[in-house]
Amino acid sequence: MAELINRPNIFKKLREEIDSITGVDRLVKESDVQNLPYLRALVKESLRLHTAAPMIPRECSQDCKINGFNVKSKTRVLINAYAIMRDPDMWEDPDKFMPERFLLGGDDGHDFRFLPFGGGRRGCIGYTHVYMIMHTTMAALVQCFDWKVKDGEHVDISVALGFTGAMTPPLLCYPTARFHPF
Ligand code: HEM
């Protein structure tokens, strides 16, 4: 929501996509999501830049070599998913919020550069549920309300210290109803 409040053009584009599918007299629903590619791309871009789990822990099951370093069996390692998802060698304009980058498909996690849910055998088992909730919630918030922040037009999106990737100042924003589906 913070990215959308800061970027009225992207907000408008998403709302236009939703309106084009739902029309003006019904609430967006889960079965619409398959016809909302920009919404799906936007949710992925949010998860890339604002991952809830920036560090993923692992324990080496055997001696191995990582980037030339010898790592002993049973060593605990932290995978910096935050850094991988902002790595300029892997992403064009990595710090830019650009949902379009996901419109071409791919990035289903198998290439290990898009890691909001980790990956491999211990990857998050809840991710399809998360996508379902995020798609429908985000779509409804954009379809039904205009959003404003209290002081000025811009939200500070800097990440706080800690293991959850939360925003430094929590987001405080105000909705104005634009559409009453009930
Ligand atoms: C935005 C929400 C969520 C995020 C960002 C998230 C992220 C993650 C991450 C990064 C991991 C570690 C993956 C790895 O080690 O490679 C994980 C593991 C896990 N997640 Fe989620 N998760 C979310 C929601 C959920 C939900 C809703 C469920 C259950 C319904 C769930 C169930 C699990 C379980 C069981 C594991 C451990 C898997 C294992 O160790 O084999 N998660 N999640």
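Predicted model, so just to flag it, every value in this text is computed and none were measured.

Visitor: Sorry if this is basic, but what is going on with unusual backbone geometry here?
Guide: Comment: phi is negative for the bulk of residues other than glycine, and the bulk of peptide bonds are trans. Even without being glycine, lysine 74 reaches a positive phi, approximately 75°. Here aspartate 93, not a glycine, exhibits a phi torsion of approximately 40°, which is positive. Relative to the helices and strands, aspartate 93 is located in the loop between helix H4 (81-84) and helix H5 (127-144).

Visitor: Can you help me understand helix H2 (residues 8-22) in this one?
Guide: Since there are 3.6 residues in each turn of an α-helix, residues three or four apart along the chain are aligned in direction. Helix length check: H2, at 15 residues, gives a terminal C-alpha distance of 21 Å against a target of 21 Å (1.5 Å per residue), a fit within 8%. Those residues of H2 hidden inside the fold are in contact with helix H1 (2-6), helix H3 (37-49), H5 and strand S5 (145-149). Positioned one or two residues after H2, glycine 23 has a phi angle of 75°, which is positive.

Visitor: Before we go on, may I ask you to explain the coordination of the iron atom of the ligand in this structure?
Guide: Under ideal tetrahedral coordination, the four donors around a metal are separated by 109.5 degrees; under ideal octahedral coordination, the six donors are separated by 90 or 180 degrees. For the iron atom of the ligand, the sole protein-derived donor is Cys124 (SG), lying 2.3 Å away. By the element assignment, cysteine 124 lies in the loop between H4 and H5.

Visitor: Please clarify how the site of the ligand should be interpreted in this entry.
Guide: Near the ligand lie 15 residues; those nearest to it are Arg58, Gly118, Gly119, Arg122 and Cys124. Note that an oxygen atom of the ligand is positioned 2.6 Å from one of the side-chain N or O atoms of arginine 58. Residue glycine 119 places a main-chain N or O atom 3.1 Å away from an oxygen atom belonging to the ligand. At the level of elements, strand S1 (55-59) and H5 are the ones that each hand at least two residues to the shell around the ligand. For the shell around the ligand, the per-class residue count stands at eight nonpolar, five polar and two charged.

Visitor: Even after reading the chapter, I still don't get the UniProt feature "binding site: heme" (unreviewed entry) in the protein chain, so can you show me in this structure?
Guide: Feature annotation in UniProt places "binding site: heme" (unreviewed entry) on Cys124, given in this structure's numbering. Judged by relative accessible area, cysteine 124 falls into the partly exposed class, the value being 32%.

Visitor: I would appreciate a short explanation of the environment of arginine 122 in the present structure.
Guide: Tracing the backbone shows arginine 122 in the loop between H4 and H5. Each C-alpha atom of the pair arginine 122 and arginine 58 lies 9.4 Å from the other, and the pair is 64 residues apart in sequence.

Visitor: Got a minute to help me understand the environment of phenylalanine 97 in this structure?
Guide: Here phenylalanine 97 shows up in the loop between H4 and H5. Phenylalanine 97 sits in the buried class, given a relative accessible area of 5%. Along the backbone, phenylalanine 97 and tryptophan 147 are 50 residues apart, and their C-alpha atoms lie at a distance of 18 Å. Sequence-distant contacts of phenylalanine 97, that is, excluding residues within four places in its chain, are made with Glu3, Arg7, Ile10, Leu42, Glu45, Ser46 and Leu49.

Scoring rules and cut-offs
Residues numbered from 1 in each chain as written. Predicted model: local features only at pLDDT ≥ 70, side-chain atom pairs only at ≥ 80, totals over all residues. Heavy atoms only, no water. Helix = DSSP H or I, 4+ residues; strand = E, 2+ residues; numbered from the N terminus. Expected span 1.5 Å × (residues − 1). Contact = heavy atoms within 4.5 Å. Donors = N, O, S within 2.8 Å, 3.2 Å for Na, K, Ca; no water. Near = heavy atom within 4 Å. Polar contact = N/O pair within 3.5 Å; in protein donor to acceptor, adjacent residues only side chain to side chain. Nonpolar A, V, L, I, M, F, W, Y, C, P; charged D, E, K, R; others polar. UniProt positions renumbered as here; feature names shortened; annotations may be inferred. Buried < 20%, exposed > 50% of the residue type's maximum accessible area, 1.4 Å probe, protein only.

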